[in-house]
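# Per-entry structural report
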Amino acid sequence: MLSEGLGLCYQPGVTTILDGKLIGQELREDVAKRVAAFTLKYGRKPGLHVVLAGADPASAVYVRNKEKSAHEAGFDGHVHRLQSDVSQEALLGIVERLNSDPNVDGILVQLPLPAHLNESAVLKAISAAKDVDGFHALNVGALWSKTPGLVPCTPRGCLYLLKRAEVKLSGARALVIGRSNIVGKPVAGLLLNESATVTIAHSRTQDLKERCLEADIIVAAVGIPRLVKGDWIKPGAAVIDVGMNRDEHGKLCGDVDFASAKERAGCITPVPGGVGPMTIAMLLDNTLLAAVAREAATVR
């Protein structure tokens, strides 16, 4: 029997494909309008600075996309491209300079960092007020205590897609597959804050299929290609696939077997074109939120 009252995702026989490209573009256009109003009011553009250390190909692509989207939305964006052998001291020096720059509202250090760098120390060094990735301990604590703070972009994008699909979160059974600090844990916190009943699973969870079949909402973020099969999904469930993998043929795919899952899910995100575009849109929104908060603090 299908759960009741869970919005568009529970129309019998209908599967909604959540188009992250389209929804993300709509959000970016909305952000651009608010950026224009901010610029007119305060006489400056919101500033987003990205630090890229090394030459990881995937990171380089992500950063180019972020840079392009930021400029299109009217931000004053800049990328600090550093050599792979940059020292910890030099990287921390750049972060500290950006912390103290009044024209910088958002700081993002692209991960992963080269192996010789202390990732935890770098993320800790970013001012919590400018931490638009939402990874600083103060922002993590704010999320779990349900107080104002900057929320990680990908989890925010997941929640936005669920709300856009009119999925009723309060009282729903949500299963988050993945326990990373970047996606799994924060998306679980966001769902809890919406009064969902949340279970966190991972690659070592026993009876994972049974846990999936109980869930009204599945967020897959474990990094295993096509782990979640169609017959693991409760008919009508909402499925958010955060995975970004390459299968045995080198083809891009998610953590969910999309072809079989879409036959049972009420709504589902594709890979690519689902959660990915939402991450950049939320990064821009986070930066604008940070800029507004800093201006408000200055007025006080």
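Numbers given to residues run from 1 along each chain, matching the order in which its sequence is written. Per-residue local features of the predicted model are confined to residues with pLDDT of at least 70, and side-chain atom pairs are confined, for both listing and counting, to 80 or more; whole-chain, interface and lining totals are unaffected and use all residues. Here the side-chain values reflect all heavy atoms present in the structure, with hydrogen atoms and water set aside.

## Some remarks on the packing of helix α1 (residues 20-42) against helix α6 (residues 153-164)
The cut-off we apply is this: Lines fitted to the C-alpha atoms define the axes, with helices restricted to the stretch that makes contact. Angles between their N-to-C directions range from 0 to 180 degrees. Strands here mean DSSP runs of E at least two residues long; helices mean DSSP runs of H or I at least four residues long; both are numbered from the N terminus. Each angle gets one of four labels, with under 35 degrees taken as roughly parallel, over 145 as roughly antiparallel, 65 to 115 as roughly perpendicular, and the rest as oblique. Note on contacts: a residue pair qualifies if any of its non-hydrogen atoms lie within 4.5 Å across the two residues. Only Asp, Glu, Lys and Arg are considered charged, only Ala, Val, Leu, Ile, Met, Phe, Trp, Tyr, Cys and Pro nonpolar, and every remaining residue, Gly among them, polar.
Between α1 and α6, the least distance of the axes is 11 Å, while the angle of their chain directions is 105°. What the angle tells us is that α1 and α6 run roughly perpendicular. From α1, I23, E26 and L27 reach across to α6, where they touch Y160, L161 and R164. Here the residues of the contact of α1 with α6 are counted per class, giving 4 nonpolar, no polar and 2 charged.

## Remarks on the sheet that holds strand β1 (residues 16-17)
Just so we agree on the cut-off: Paired strands are those between which DSSP finds at least two bridges.
Here 6 strands make up an open sheet; going across it, the order is β1-β11-β8-β7-β5-β6 and the pairing parallel. Both outer strands of the open sheet, β1 and β6 (197-201), are each paired with one neighbouring strand and no more. In this structure, β1 lies alongside strand β11 (residues 267-268), joined through 2 bridges in parallel fashion. Bridging from a neighbouring strand, T16 pairs with C267 of β11. Along the sheet, α6 contacts β7 (217-220) and β8 (238-241); its crossing angle with β8, the most-contacted strand, is approximately 150°.

## Looking at the pairing of strand β4 (residues 106-109)
Our working rule: Here the term buried applies to any residue with accessible area under 20% of the maximum for its type, exposed to any over 50%, and partly exposed to those in between, with areas from a 1.4 Å probe on protein chains only.
The two faces of β4 match: G106 and L108 on one face and I107 and V109 on the other face are all buried. Of the strand pairs in this sheet, strand β2 (residues 47-53) and β4 are connected by 4 bridges, and their pairing is parallel. Residue pairing across strands places H49 opposite I107, the latter belonging to β4.

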